[in-house]
Structures are given as structure tokens and as C-alpha cells.
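Architecture at a glance
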Amino acid sequence: MDTRRIGDAAVVSVGGDIDLTTFAAVQSALDAARGQCTVLVLDLRAAGFMDTSGLRLVISQQQRAEADDYRFVVVPGSDRIRRLFEIAGFRKGHPLFAGAPTELDGGDGA
């Protein structure tokens, strides 16, 4: 995992898998990054696999963002991960996928 700042966004980039064994580490990285920004980005472009644990993490983080008034954005990456989001009802164009810094490939900067 790597965390970096781009403007007012904190970007947590995850490589490898997001599953039950890595869930806590990803959550900790998001929590640590959250205090430094108004936009929190979970960049999944380097992630090879994500199961429902990762999906649960995203939904939980989205709910926290709404409650605490900050923006949470996901850059979904691979077709496998995009498919998991689609199955869960997060279609292309969903607000969760809009607003990543333009410096990130796959972000639309909205």
C-alpha cells in the first residue's frame, strides 16, 4: 500500500488482493489518510483481486464520508474489480467513481 497527497486529496493505492486477510490493513491506511484531506481516494488500479470484504470496506467508507462530510472516491481498476462493483449495483457513472484527481489515470476529475 502507498499513500500520497495530490492537492486536497489523499490517495491510498492498493496492490495485491483485498480480502478478509488484508481488510484491516487497508482500513487502517484509509483511516490514517483521512485526517489529512477533504477527498479520500482508494486507488485499486494495482489490485489484482477484491472479494466481498473489500466491497464491504468501500460501502462502509462511503457511509463514513457521507456522515463526516468528506468525499470518498474509488478508482476501480481491473475488469474483475469493476464487475464486482457492477454486481453490487455500482454501475459505471456512479458518483463513487467520480472526483479522483486528474493526475490519476482512470479518474475523471469531476
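As shown above, the structure is provided for reference.
These lines cover the structure that appears in this document, whether it is placed above or below. (Residues numbered from 1 in each chain as written. Predicted model: local features only at pLDDT ≥ 70, side-chain atom pairs only at ≥ 80, totals over all residues. Heavy atoms only, no water.)

**Some thoughts on the pattern of salt bridges**
Definition in use: Here, a salt bridge means any Lys or Arg side-chain nitrogen found within 4 Å of an Asp or Glu carboxyl oxygen. For helices the rule is a DSSP run of H or I covering at least 4 residues; for strands it is a run of E covering at least 2, with both sets numbered from the N terminus onward. Only protein chains enter the accessibility calculation, which uses a 1.4 Å probe; a residue is then buried when its area is under 20% of its type maximum, exposed when over 50%, and partly exposed in between.
Evaluated as defined, the whole model comprises three salt bridges. The shortest N-O distance in the salt bridge between Asp-31 and Arg-64 comes to 2.8 Å. Taken together, the residues Asp-31 in helix α1 (residues 23–34) and Arg-64 in helix α2 (residues 52–68) connect sequence positions 33 residues apart. Looking at Asp-31, the relative accessible area reads 35%, which means it is partly exposed. Of the charged contacts, one joins Arg-83 and Glu-86 as a salt bridge, the two residues approaching to 3.5 Å between their closest N and O atoms.

**A short note on unusual backbone geometry**
Most of the time, phi is negative for any residue but glycine, and the peptide bond is trans. Within the chain, Asp-69 stands out as a residue other than glycine whose phi angle is a positive 60 degrees. Secondary-structure assignment places Asp-69 in the loop between α2 and β6 (71–75). On the basis of relative accessible area, Asp-69 is assigned to the exposed category, the value being 71%.

**Digging into the sheet that holds strand β1 (residues 2–6)**
Working definition: the strands of a sheet are paired by backbone hydrogen bonds and lie parallel or antiparallel to each other. Rules: Note on pairing: DSSP must find at least two bridges between two strands before they are called paired. All axes are obtained by fitting lines to C-alpha atoms, using only the stretch in contact for helices, and the reported angles, taken between N-to-C directions, cover 0 to 180 degrees. The contact definition used throughout considers only heavy atoms, calling two residues in contact when any of these lie within 4.5 Å.
Ordered by their spatial adjacency, four strands build an open sheet running β1-β2-β4-β6, and the pairing between neighbours is mixed. Looking at the sheet topology across the chains shown, the edges are occupied by β1 and β6. With strand direction ignored, the average angle separating the axes of adjacent strands in the sheet is 20 degrees. Here strand β2 (residues 9–13) pairs with strand β4 (residues 39–43) via five bridges, running parallel. Its bridge partner lying in β4, Ala-9 is registered against Val-39. Together, β1, β2, β4 and β6 form the strand contacts of α1, whose direction differs from that of β4 by roughly 150 degrees.

These results come straight from atomic positions and should not be treated as a statement about function.
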